[in-house]
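Observations on the three-dimensional arrangement
One-letter residues, chain by chain:
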Amino acid sequence: MTSDFEARLRAASLRVTRPRLAVLAALRDHPHVDTETVIELVRVDHPKVSHQAVYDVLRALTDAGLVRRIQPAGATARYESRVGDNHHHVVCRSCGEIADVDCAVGPSPCLTASDDHGYVVDEAEVVFWGTCPDCAAERTANEPPPGRK
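On a predicted model such as this, the values are computed, not experimentally measured, just so you know.

**So, the overall build of the chain**
Per the secondary structure count, the chain includes 5 helices and 5 strands. Beginning at the N terminus, the succession of helices and strands in the chain can be written as α-α-α-α-β-β-β-β-β-α. Out of the 149 residues in the chain, the part that is buried amounts to 30%. Relative to all contacts within the chain whose residues are 6 or more apart in sequence, the contacts with residues 24 or more apart total 45%. Roughly 9700 Å² of accessible area belongs to the chain as shown, and the carbon and sulfur atoms make up 50% of that amount.

**A look at the pattern of salt bridges**
Per the stated rule, a full pass over the model turns up 8 salt bridges. Between Asp29 and Arg28 there is a salt bridge; the shortest N-O distance is 2.8 Å. Among the residues examined, Arg28 registers a relative accessible area of 34% and is labelled partly exposed. Residue Asp102 is joined to Arg82 by a salt bridge in which the shortest nitrogen-to-oxygen separation is 2.4 Å. Within this pair, whereas Asp102 is found in the loop between strand E4 (98-101) and strand E5 (127-130), its partner Arg82 is found in the loop between strand E2 (78-80) and strand E3 (88-92), the two being separated by 20 residues in sequence. Its relative accessible area of 51% is what places Asp102 among the exposed residues.

**Things to note about the sheet that holds E4**
One key point about sheets: their strands pair by backbone hydrogen bonds, in either a parallel or an antiparallel sense. As summarised here, the arrangement of the 3 strands in space is E4-E3-E5, forming an open sheet in which the pairing is mixed. Taken across any chain shown, the strands that pair with only one partner, and hence form the sheet edges, are E4 and E5. Along the sheet, successive strands turn relative to each other by an average axial angle of 25°, direction set aside. Bridge count between E3 and E4: 4 bridges; the pairing is antiparallel. Bridge assignment links His88 to a residue of E4, and that residue is Val101.

**Section: the nonpolar core**
Core analysis: the biggest nonpolar cluster contains 20 residues, and Leu9, Val23, Leu27, Val38, Val54 and Leu61 have the highest contact counts within it. Of all the secondary-structure elements, those providing two or more residues to this core are helix H1 (2-11), helix H2 (18-29), helix H3 (35-45) and helix H4 (51-63). Looking at which element gives the most residues to this core, the answer is H2, with 5 residues. In contact with Leu9, not counting residues within four places along its chain, are Leu14, Arg15, Val16, Arg20, Leu21, Leu24, Leu61 and Leu66.

**Some thoughts on the packing of H2 against H4**
The contact between H2 and H4 brings their axes to 10 Å, and the two run at 75°. Here H2 lies roughly perpendicular to H4, going by the angle between them. Along its contact with H2, which presents Pro19, Arg20, Val23, Leu24 and Leu27, the element H4 presents Val54, Val57, Leu58, Ala60 and Leu61. Among the residues forming the contact of H2 with H4, the class breakdown is 9 nonpolar, no polar and 1 charged.

**Here we look at unusual backbone geometry**
Residues other than glycine seldom take positive phi values, yet Ser13 does so here, at roughly 60°. Following the sequence through the fold, Ser13 ends up in the loop between H1 and H2. On the accessibility criterion, Ser13 (66% relative accessible area) is exposed. Positive phi is not limited to glycine here, since His32 has a value of about 70°. The exposure class assigned to His32 is buried, which follows from its relative accessible area of 8%.

Parameters and conventions
- Residues numbered from 1 in each chain as written.
- Predicted model: local features only at pLDDT ≥ 70, side-chain atom pairs only at ≥ 80, totals over all residues.
- Heavy atoms only, no water.
- Helix = DSSP H or I, 4+ residues; strand = E, 2+ residues; numbered from the N terminus.
- Buried < 20%, exposed > 50% of the residue type's maximum accessible area, 1.4 Å probe, protein only.
- Contact = heavy atoms within 4.5 Å.
- Areas by Shrake-Rupley, 256 points an atom, 1.4 Å probe, with all protein chains shown as cover.
- Salt bridge = Lys/Arg side-chain N within 4 Å of Asp/Glu carboxyl O.
- Pairing = 2+ DSSP bridges.
- Axes fitted to C-alpha atoms, helices over the stretch in contact; angles between N-to-C directions.
- Core = buried A, V, L, I, M, F, W, Y, C linked by side-chain atoms within 4.5 Å.
- Parallel < 35°, antiparallel > 145°, perpendicular 65-115°, else oblique.
- Nonpolar A, V, L, I, M, F, W, Y, C, P; charged D, E, K, R; others polar.

Everything listed here is a matter of coordinates, which is why it stays silent on function.
Printed below as a string of structure tokens:
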């Protein structure tokens, strides 16, 4: 997989560095994580990597289109390596868990706005909000039986 990351970096005209490879691997294995989590994951194998280096790598990878930065309302920014397919996200209102959601119909139906106001639309962000299965089960388990409060 490292050679795939190296090829992607080179194709984006970025130098291949250990921090960049480590960040790409972390995001491949742990999508939708915040910056602090990326730092923790990278430091498992590269304990001397600085906070600033990881911030710089995330910015460079995002600017190059190799990483996507998402920030649902009220949440910290998260990063993922799934790019270029115009997928969406579902966010749990209780625990903040985020999961990918493919477009509902066709390859990119969300890119056809009802009124684009003359814009050339190339991306749409759709965020579904709800309660994840674990939180829903926990909520149900903590509810009193019917008739009792």
